[in-house]
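Below, each chain spelled out in residue letters.
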Amino acid sequence: MNSTNPMLSSGLNPDPTDLLGNGTINFSLLKKLVGKSITAVHQFDKELVCELCKFAALLECRKIRTYDILKGQIVITAFFEPSTRTRLSFESAVLRLDGRVISIPEGARNTGVAKGESLSDIGEMFNAYGDAVVIRHTETEALAEISKNLRVPLINAGNGSGEHPTQALADWFAILKWKPQMQSAQLPEEEQIHLGILGSPGSMRTVNSFLRMSLLFKQNIRKITVVSELANPLGEELSDLLEQSGIVFEITDNINNVLSDLDVVYMNSIAFLGDSYRSLDSSFKLNTESELKKDAVVLHPLARLDELDSTLDETDHNLYFTQAHGAVFVRQALFIAILDCFDRIPYQDRKETKIEYELQTI
Ligand code: CP
């Protein structure tokens, strides 16, 4: 553990300033998010993901002072399913920007749902209590239900086997810090990556959202390989999306066929299916004995079971701790955009920083 910066953990810690490049952030693009709910990856294009991640990098660098930016804003986090990272990183993001949080862990026990109240009625109440709502639920349809009467922005923090779009932003924030040139329009073929996904995107929301966001970067992905125990790990919609993308794509049930060629390995095994957690694809295990390419990085949304051995934690393959820690800054960037708090970025800090990021467009 680094003694001066507790955010720096074991594994690879890419420097966020590399992602900032010339330091210009297109805030007018980020302004498109003002007042918007974030429910699914299809709301994003590549440029928006890149600008959000650059803004997150700026926040991570502490090149701007973050005090007071969300002062006066109240965010409700309502979790109807357990979480370590998502709820705490959303709440940390708000609190570190001096906003306030109303936190509802165990929503099914701690709201009127326990008495039979509908989610749509709860949504109506949230309008009076907060400026934005972050919700996780075991049911894919819960978002639509709570949105019926909700008039403040909603952020999907994972809905059943549906999507987890802000996790995908955290995933790509880690990848872009590791390899900022992935932002380019088209890299030479030798610099494009082979992306391996160990898991079943059709059944797992994190893998689903990650795959969808990865397709935005298709010009810089040489190939995608899905490694799954299931015969059809994608389902119809994702299969169609992949086909339309034109990306070179394969499915295999044998990790040894591809591991030594992968530049990025994204893995997950825990999925909430039906009414309980299940472990899918956990027969694929990675440890320091695995034939990973020398410079390959491993991403995992966590929590992990034994598919990702802790012996990898100390290696430079470990991008998963950076991925988890960076989620705070991605979520800060999202809140600043959704709640339209750009003008709270103190002017003197814009001058103090050496980064000439674009603010005239605000
Ligand atoms: N990545 C993720 O969704 O983790 P939690 O379930 O701990 O929130």
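Worth saying up front: this structure is predicted, and the values here are computed from it rather than measured. (Residues numbered from 1 in each chain as written. Predicted model: local features only at pLDDT ≥ 70, side-chain atom pairs only at ≥ 80, totals over all residues. Heavy atoms only, no water.)

**Remarks on the sheet that holds strand 2 (residues 100-104)**
Okay, so step 1: With parallel pairing, the four strands of this open sheet are ordered in space as 2-1-3-4. Only two strands of the sheet have a single partner each, and these edge strands are strand 2 and strand 4 (154-159). Taken over all neighbouring pairs, the strand axes of this sheet differ in orientation by 15° on average, direction set aside.
Okay, so step 2: When strand 3 (residues 132-137) meets strand 4, the two strands line up parallel, connected through four bridges. Residue Ile135 lies in a different strand from strand 4, and its bridge partner there is Asn156. (Pairing = 2+ DSSP bridges. Helix = DSSP H or I, 4+ residues; strand = E, 2+ residues; numbered from the N terminus. Axes fitted to C-alpha atoms, helices over the stretch in contact; angles between N-to-C directions.)

**Quick word on the domain arrangement of the chain**
Quite often, the size of an interface is put as the accessible area lost when its parts meet.
Okay, so step 1: You can read the domains of the chain as domain 1 (16-164 + 326-361) and domain 2 (167-322).
Okay, so step 2: Where domain 1 abuts domain 2, roughly 2600 Å² becomes buried across the two surfaces, and 63% of that area is made up of carbon and sulfur atoms.
Okay, so step 3: Of all residues in domain 1, Leu19, Lys46 and His164 give up the largest surface area on contact with domain 2, accounting jointly for 25% of the area buried on that side.
Okay, so step 4: The tally of links between domain 1 and domain 2 comes to three salt bridges.
Okay, so step 5: Put simply, Glu81 and Arg205 hold a salt bridge, and the shortest N to O gap is 2.8 Å.
Okay, so step 6: One can count 12 residue pairs in polar contact (both at pLDDT 80 or more) joining domain 1 with domain 2.
Okay, so step 7: Contributions of two or more residues to the side of domain 1 that touches domain 2 are made by helix 1 (16-20), helix 3 (46-61), strand 3, strand 4 and helix 11 (320-338).
Okay, so step 8: Looking at side-chain class alone, the side of domain 1 that touches domain 2 contains 15 nonpolar, nine polar and 10 charged residues. (Domains from an automatic or database assignment. Buried area = accessible area lost by both parts, 1.4 Å probe. Salt bridge = Lys/Arg side-chain N within 4 Å of Asp/Glu carboxyl O. Polar contact = N/O pair within 3.5 Å; in protein donor to acceptor, adjacent residues only side chain to side chain. Nonpolar A, V, L, I, M, F, W, Y, C, P; charged D, E, K, R; others polar.)

**With respect to unusual backbone geometry**
Okay, so step 1: For the bond running from Leu302 to Ala303, omega is 10°, close enough to zero to count as cis.
Okay, so step 2: Its location among the elements puts Ala303 in the loop between strand 11 (297-299) and helix 11.
Okay, so step 3: Unusually for a residue other than glycine, Asp98 sits at a positive phi of about 65°.
Okay, so step 4: Position of Asp98 relative to the elements: it lies in the loop between helix 4 (85-96) and strand 2.
Okay, so step 5: A residue is classified by how much of its surface remains accessible, and Asp98, at 33% relative accessible area, is partly exposed.
Okay, so step 6: A positive phi is found at Glu106, a non-glycine position, where the angle reads about 50°.
Okay, so step 7: The residue Glu106 is located in the loop between strand 2 and helix 5 (107-110) in this model. (Buried < 20%, exposed > 50% of the residue type's maximum accessible area, 1.4 Å probe, protein only.)

**Some words on the site of the ligand**
Okay, so step 1: Taken together, Ser83, Thr84, Arg85, Thr86, Arg136, His164, Gln167, Pro301 and Leu302 make up all the residues around the ligand.
Okay, so step 2: Thr84 has a polar backbone atom sitting 2.7 Å from an oxygen atom of the ligand.
Okay, so step 3: In isolation the ligand has 260 Å² of accessible area, and contact with the protein removes 90% of it.
Okay, so step 4: Grouping the amino acids of the shell around the ligand by side-chain chemistry returns two nonpolar, five polar and two charged.
Okay, so step 5: Both domains that furnish three or more residues to the shell around the ligand are identified here as domain 1 (16-164 + 326-361) and domain 2 (167-322). (Near = heavy atom within 4 Å. Areas by Shrake-Rupley, 256 points an atom, 1.4 Å probe, with all protein chains shown as cover.)

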